[in-house]
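Take a look at the letters that make up each chain.
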Amino acid sequence: MSQGELERSLKKVSEEAEEGLKTIKNLEMLGDWYQAFLGKKSPFNAFFVALKDLSNEDKKEYGPRINTLRNQLEGAYASKKEALEIIALNEKLKDDRIDVTKSFAKKQGTLHPLSQVQRQVEDVFVSMGFEIADGPEVETEWFNFDALNIPGTHPARDMQDTFFVNHKTDNPKKNTVLRTHGTCIDIRKMCEKGAPIRTIAPARVFRNEALDATHDAIFYQVDGCLVDKNISLADLKGALKSVLSAVFERDIKIRVRPGYFPFVEPGLEIDIWWEYIDKNGEAAGRWLEFCGAGMLHPNVLRHCDIDPDEYNGFAFGFGLTRLVMMKYGIEDIRHLFSFKKEFLEQF
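I will try to describe carefully the structure that is included in this document. Just so you know, these numbers come straight off a predicted model, no measurement behind them.

## Observations concerning the overall build of the protein
Reasoning step 1: Along the protein, the regular secondary structure elements total 11 helices and 10 strands.
Reasoning step 2: Across its three principal axes, the protein shows a C-alpha extent of roughly 130 × 55 × 45 Å.
Reasoning step 3: Going through the 347 residues of the protein one by one, you find that 39% of them count as buried.
Reasoning step 4: A separation of at least 24 residues holds for 64% of the contacts in the protein among residues at least 6 apart in sequence.
Reasoning step 5: Total accessible area on the protein stands at roughly 20,300 Å², and carbon and sulfur atoms take up 50% of it.

Given below as structure tokens:
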């Protein structure tokens, strides 16, 4: 490259770089500009090669001019890059800006299906004069077992069924367990208030069971009792029928079978007639076991300082979790504790 050609090339590169820089609007375009004028394949490589063919005097003149031009372009590139980065940052901040004073439409939530059905059950029992009771989840062995006429050899007290918290003494009033039912709450109220009394205890209870579609180590029950004078099984049957009919919003048929529970005598199994559509699309029905119940054992009344010759009463306990599954057709108990928004929004 001759001196004249080098002179014209320097002028051309300077003008084109300046004009090109004016049209750049983002960092990507700036990167392309840099590769074209300052990268490995830029004209400056050819300029430095051309210097070898010039005289020593021309080398002294054009060497500094080439370096000056390159430095000018490097400076222009740095300034343009800084300006574009500021613009990009401001745009990002603008997009990410949150107006803390702006109000957003809030989607109304709903009660969990367990809470919905629990409230329905409570409303019916309250209308019949029952009190809603609560008690500790960590319960003494005495309230959980002994007061309910459940002896130390009963399978329910086996370590495979019950979570023992403290089981180091021979005194059941000092040993503690995670309550296995809500009847212990009713017993506490009976010991506290005596008779007459009407209580129900919606309670979270704990059993040492493997988790599957129909079982969980943590679930909810409703246990209740009524103690007064001249109470009969007809009162028990009427109370349960009223609650079930209200929850399912239709008349529910129930039947009574003999059953054994240490804290009631006689003990009963309560079944309900469940109507459904079978796999062939036809209406069908069958009896389903619903809960255990019966007339309170005299020993239970005595443990609460209630005279069994003057008072009698009934007790019952049913699974609130199972009732919810039946009401809404939920086939897997794990859905109720999954906290999946898509599932809970159905209710």
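Moving on from the model shown.
## Description of the packing of aromatic side chains
Reasoning step 1: Counted under the stated rule, the structure contains 14 aromatic pairs.
Reasoning step 2: Note on tyrosine 220 and phenylalanine 337: the rings are 6.4 Å apart at their centroids and 15 degrees apart in plane angle, and the pair reads as stacked. Taken as a pair, tyrosine 220 in strand β6 (residues 218-228) and phenylalanine 337 in the loop between α10 (320-328) and α11 (341-344) lie far apart in primary sequence, 117 residues in all.
Reasoning step 3: Given a relative accessible area of 27%, phenylalanine 337 falls into the partly exposed group.
Reasoning step 4: When the ring of phenylalanine 314 is compared with that of phenylalanine 316, the centres are 6.4 Å apart and the planes differ by 35 degrees; the resulting orientation is tilted. Take phenylalanine 314 and phenylalanine 316: they sit in the same class, and that class is buried.
Reasoning step 5: Ring pairing ties together the aromatic residues Phe125, Phe130, Phe290, Phe314, Phe316 and Phe318, which thus form one cluster.
Reasoning step 6: Its end group placed over the ring of tryptophan 142, lysine 173 keeps NZ or CZ at 5.0 Å from the ring centre.
Reasoning step 7: Between arginine 250 and the ring centre of tryptophan 274, over which it is positioned, the NZ or CZ distance is 5.3 Å.

## As for the nonpolar core
Reasoning step 1: If you look at the biggest cluster of nonpolar residues, it comprises 40 residues, and the most contacted ones within it are Val121, Leu244, Ile272, Phe314, Phe316, Phe318 and Leu323.
Reasoning step 2: Sorting the residues of this core by element identifies α5 (113-127), β6, α8 (233-248), β8 (264-277), β9 (283-296), β10 (312-319) and α10 as the ones contributing at least two each.
Reasoning step 3: Of all the elements, α8 adds the most residues to this core, at six residues.
Reasoning step 4: Once you skip the residues sitting within four places of it in the chain, leucine 323 turns out to touch Val117, Val121, Leu244, Val247, Phe248, Phe290 and Phe318.
Reasoning step 5: By size, the runner-up hydrophobic cluster in this structure holds 27 residues, among which are Ile185, Val205, Leu296 and Tyr311.

Rules of the game
Starting from 1, residues in each chain are numbered consecutively following that chain's sequence as written. Two thresholds apply to this predicted model, a pLDDT of at least 70 for residue-level local features and 80 or more for giving and counting side-chain atom pairs, whereas whole-chain, interface and lining totals are computed over all residues. Working from all heavy atoms in the structure, the side-chain values ignore hydrogens and water. Numbered from the N terminus, helices here are DSSP runs of H or I no shorter than four residues, and strands are runs of E no shorter than two. Exposed residues in this analysis have more than 50% of their type's maximum accessible area, buried residues have under 20%, and partly exposed residues fall in between, with area computed by a 1.4 Å probe over protein chains only. Whether two residues are in contact is decided by their heavy atoms: any pair within 4.5 Å suffices. Only the protein chains shown count as cover for residues, with accessible areas throughout obtained via the Shrake-Rupley method and a probe of 1.4 Å. Here is the rule: rings of Phe, Tyr and Trp (six-membered ring for Trp) pair when centre to centre is within 6.5 Å. Planes less than 30 degrees apart are stacked, more than 60 are edge-to-face, and the remainder are tilted. In our convention, an over-ring charge means Lys NZ or Arg CZ found within 6 Å of a ring centre and within 35 degrees of that ring's normal. As used here, the term nonpolar core means buried Ala, Val, Leu, Ile, Met, Phe, Trp, Tyr and Cys residues forming a set that is joined through side-chain atoms within 4.5 Å.

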